[in-house]
Amino acid sequence: MNKNRTFFLGFCAQFLQYGTALLILPFITIFLSEEKVGLWFVFLTIIALSMLLDFGFQPTFARNFALAYSGVDSLQKLGISAQENNHPNYSLVLELLKTAKLIYLLISIVTFLLLLLAGTQYIEYLVSQDVTLSYNEVSLAWYILIVGVSLNACFMWISPFLIGSDNVDKNYIYLIVNKIVFASIGIALLFLNAGLLGLASAFVMGVISARLTASFLTRNELKKCIDKKGERSGAGSYFEILKIIWPTASRMGVVSISTFLILRYNLLVVSSFFGLKIAASYGLTLQVLMALNSVGQLLFQINLPGMVKARVDRNSEILRRIYLKSTWYFFLMFLAGVPFLAVWGNDILSIIGSSTKLLDFKMLMLFSVIVMLEGNHSNAGLVITTGNNIPFMLSSVLSGVSIGLLSVSSGYLGLGLFYILLSQGVVQILYNNWRWPLYVYQEIKGMEA
């Protein structure tokens, strides 16, 4: 795998992943009201909420695919088994793949039912609070979006397989196709005055186009696995594999729910207490900072297979080098990006004709520090999970619940958006922000002993 090519593709994919809203924002502000802009960000937040049904399987499958490709003879509930062979265990890869496809089919069905029943109720509530919104337009757009999200859930095995097989560059191509199709078709349909219906339809088309692309990206690797599956032993039935991976996946699932409460739940709180216009500014700021965060995390994602192999080989030097290099790059992205946003962000939005602006300077700075520290300890968490260990589940749950309760309480007490943000930062800096980077340092030192 060419690391420079992978980095470039990763940069484009992460920019498109979180920057699509920025690419089409001028067109949204021309053709949609500010209330609909806020509603679109609410749609995106609910989509992120539905993705929690993955319940930790994506990173768990990616890590186990990487282990199978590194040559382990079997999977472990916790920790890593000894490396039995320098060659990939293709039989184990195929059994993992069949299990992943089955699990994501079930997740897709559950996602569809939950969004149709529970999600629709919340969307109808928001529409009833704003007389400028058309119930028929919003509800039809929402139903189309439900189909797209459910299809996307069914295809979520693709990224873990590509990442775990050290085809990270192909995974980025898969993501890029999805976002380019969504953005281009979304813009075209906005020009045709399709509104929210156009954006929802473009989302579905992006998912379908990416899946068709993935059939070509995975073809050679799947053929190789099938041709060589008889060379090694596998893990057994669907149930046996699920029993092995569930302890780690379930812990990661709980962490994912907590992460949603920490980073994204506040948009629902803001839209409920302060209205869709303020939610639009909050959502835009969050999108931009999460884009910056994701670009900063590129080296960690690209080097996931390398970190897993370093664990298998107990090579602390390689693991330390990857962690330090990736961490320096992460902070560099924030140190370069945040001042740019603070000085020129709203000016650029004005030039392109956006009526939605970033949060004011004080809240932007606070939000930036919060997201940066959150991203840093999340990077440490990723390094920790390469050892098939999730020691941060309890602290994540306590933090997520605390932030959720404090945010809602701040809204009820009328304390304002600044205090909602502040509560998030205070809770995290008390423990998670410093504990897990320190844990990685101590773990690497322990490998040398």
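All values reported here derive from a predicted model rather than from experimental measurement.

1. Brief notes about the overall build of the chain
- The helix and strand inventory of the chain stands at 19 helices and 0 strands.
- The buried share of the chain, reckoned over its 449 residues, is 57%.
- Accessible surface for the chain amounts to roughly 18,700 Å². Of this, 66% is attributable to carbon and sulfur atoms.

2. Overview of helix 14 (residues 304-313)
- Burial of helix 14 is extensive: 7 of the 10 residues sit out of reach of the surface.
- Turning to helix 14, its buried residues are Leu304, Pro305, Met307, Val308, Ala310, Arg311 and Val312.
- One or two positions beyond helix 14, positive phi appears at arginine 314, with a value near 55°.

3. Looking at the packing of helix 4 (residues 90-128) against helix 5 (residues 135-154)
- Their axes nearest at 9 Å, the elements helix 4 and helix 5 cross at an angle of 160°. In this view, helix 4 runs roughly antiparallel relative to helix 5, as classed from their interaxial angle. By crossing handedness, the relation of helix 4 to helix 5 is classed as right-handed.
- The residue inventory of the contact of helix 4 with helix 5, partitioned by class, reads 17 nonpolar, 5 polar and 1 charged.

4. Here's the deal with the nonpolar core
- Counting 136 residues, the largest nonpolar core has Phe43, Phe61, Leu145 and Tyr282 as the members making the most contacts within it.
- No other element matches helix 4, which puts 14 residues into this core.
- Among residues more than four places away in sequence, those in contact with leucine 145 are Trp40, Phe43, Ile47, Ala200 and Phe203.

5. Digging into the pattern of salt bridges
- Across all of its chains, the model carries 5 salt bridges by this definition.
- The shortest N-O distance in the salt bridge between glutamate 137 and lysine 36 comes to 2.9 Å. One end of the pair, glutamate 137, is in helix 5; the other, lysine 36, is in helix 2 (residues 34-50), and 101 residues separate them in sequence. Each member of the pair, glutamate 137 as well as lysine 36, is classed as buried.

6. A few points about the side chain of serine 258
- Within the secondary structure, serine 258 is located in helix 10 (residues 238-263).
- In terms of polar contacts, serine 258 uses its side chain to reach the backbone carbonyl oxygen of valine 254, at 3.0 Å.
- A distance of 3.2 Å separates the side chain of serine 258 from the backbone oxygen of serine 396, its partner in a polar contact.
- Excluding its chain neighbours within four sequence positions, the residues that come into contact with serine 258 are Ser396, Val397 and Gly400.

7. Observations concerning the packing of aromatic side chains
- As enumerated under the stated definition, the model contains 23 aromatic pairs in all.
- With 5.3 Å between their ring centres and 65° between their planes, phenylalanine 31 and phenylalanine 191 make a pair best called edge-to-face. Taken as a pair, phenylalanine 31 in helix 1 (residues 3-31) and phenylalanine 191 in helix 7 (residues 168-191) lie far apart in primary sequence, 160 residues in all.
- Overall, the relative accessible area of 28% leaves phenylalanine 31 in the partly exposed class.
- Three or more aromatic residues joined by ring pairs make a cluster, and in this case those are Trp40, Phe43, Trp142, Phe182 and Phe203.

8. So, the environment of aspartate 360
- If you trace the backbone, aspartate 360 turns up in the loop between helix 15 (316-351) and helix 16 (361-385).
- Aspartate 360 gets classed as partly exposed once you look at its relative accessible area, which sits at 42%.
- The spatial distance from the C-alpha of aspartate 360 to the C-alpha of asparagine 346 is 9.3 Å, given a sequence separation of 14 residues.
- Here the side chain of aspartate 360 touches methionine 363 through a polar contact of 3.1 Å, landing on its backbone nitrogen.

9. Re unusual backbone geometry
- Unusually for a residue other than glycine, aspartate 166 sits at a positive phi of about 65°.
- Structurally, the position occupied by aspartate 166 is in the loop between helix 6 (158-164) and helix 7.
- Judged by its relative accessible area of 34%, aspartate 166 falls in the partly exposed class.
- Even without glycine at this site, asparagine 193 takes up a positive phi of about 60°.

10. Here's the deal with the side chain of serine 150
- Here serine 150 lies in helix 5.
- Residue class for serine 150 comes out buried when judged on its relative accessible area of 6%.
- A distance of 2.8 Å separates a polar side-chain atom of serine 150 from the backbone oxygen of isoleucine 146.
- Beyond its immediate chain neighbours, meaning those up to four positions away, serine 150 contacts Ser108, Thr111 and Phe112.

11. Points about a nonpolar patch on the surface
- On the surface, Leu102, Leu105, Leu106, Ile109, Phe112, Leu113, Leu116, Leu117, Tyr135, Tyr143 and Val147 cluster together to form a nonpolar patch covering roughly 950 Å² of accessible area.
- Within the residue set of the nonpolar patch, elements represented by two or more residues are helix 4 and helix 5.
- Broken down by element, the residue count for the nonpolar patch peaks at 8 residues, all from helix 4.
- Within the element layout of this structure, leucine 106 appears in helix 4.

Analysis parameters
- Residues numbered from 1 in each chain as written.
- Predicted model: local features only at pLDDT ≥ 70, side-chain atom pairs only at ≥ 80, totals over all residues.
- Heavy atoms only, no water.
- Helix = DSSP H or I, 4+ residues; strand = E, 2+ residues; numbered from the N terminus.
- Buried < 20%, exposed > 50% of the residue type's maximum accessible area, 1.4 Å probe, protein only.
- Areas by Shrake-Rupley, 256 points an atom, 1.4 Å probe, with all protein chains shown as cover.
- Axes fitted to C-alpha atoms, helices over the stretch in contact; angles between N-to-C directions.
- Parallel < 35°, antiparallel > 145°, perpendicular 65-115°, else oblique.
- Left-handed = near helix turned anticlockwise from the far one by under 90°.
- Nonpolar A, V, L, I, M, F, W, Y, C, P; charged D, E, K, R; others polar.
- Core = buried A, V, L, I, M, F, W, Y, C linked by side-chain atoms within 4.5 Å.
- Contact = heavy atoms within 4.5 Å.
- Salt bridge = Lys/Arg side-chain N within 4 Å of Asp/Glu carboxyl O.
- Polar contact = N/O pair within 3.5 Å; in protein donor to acceptor, adjacent residues only side chain to side chain.
- Phe/Tyr/Trp six-rings, centres within 6.5 Å; stacked < 30°, edge-to-face > 60°.
- Patch = residues over 30% accessible without salt bridge, like charges linked within 9 Å, V, L, I, M, F, W, Y side chains within 5 Å.

None of this, on its own, says anything about what the molecule does.
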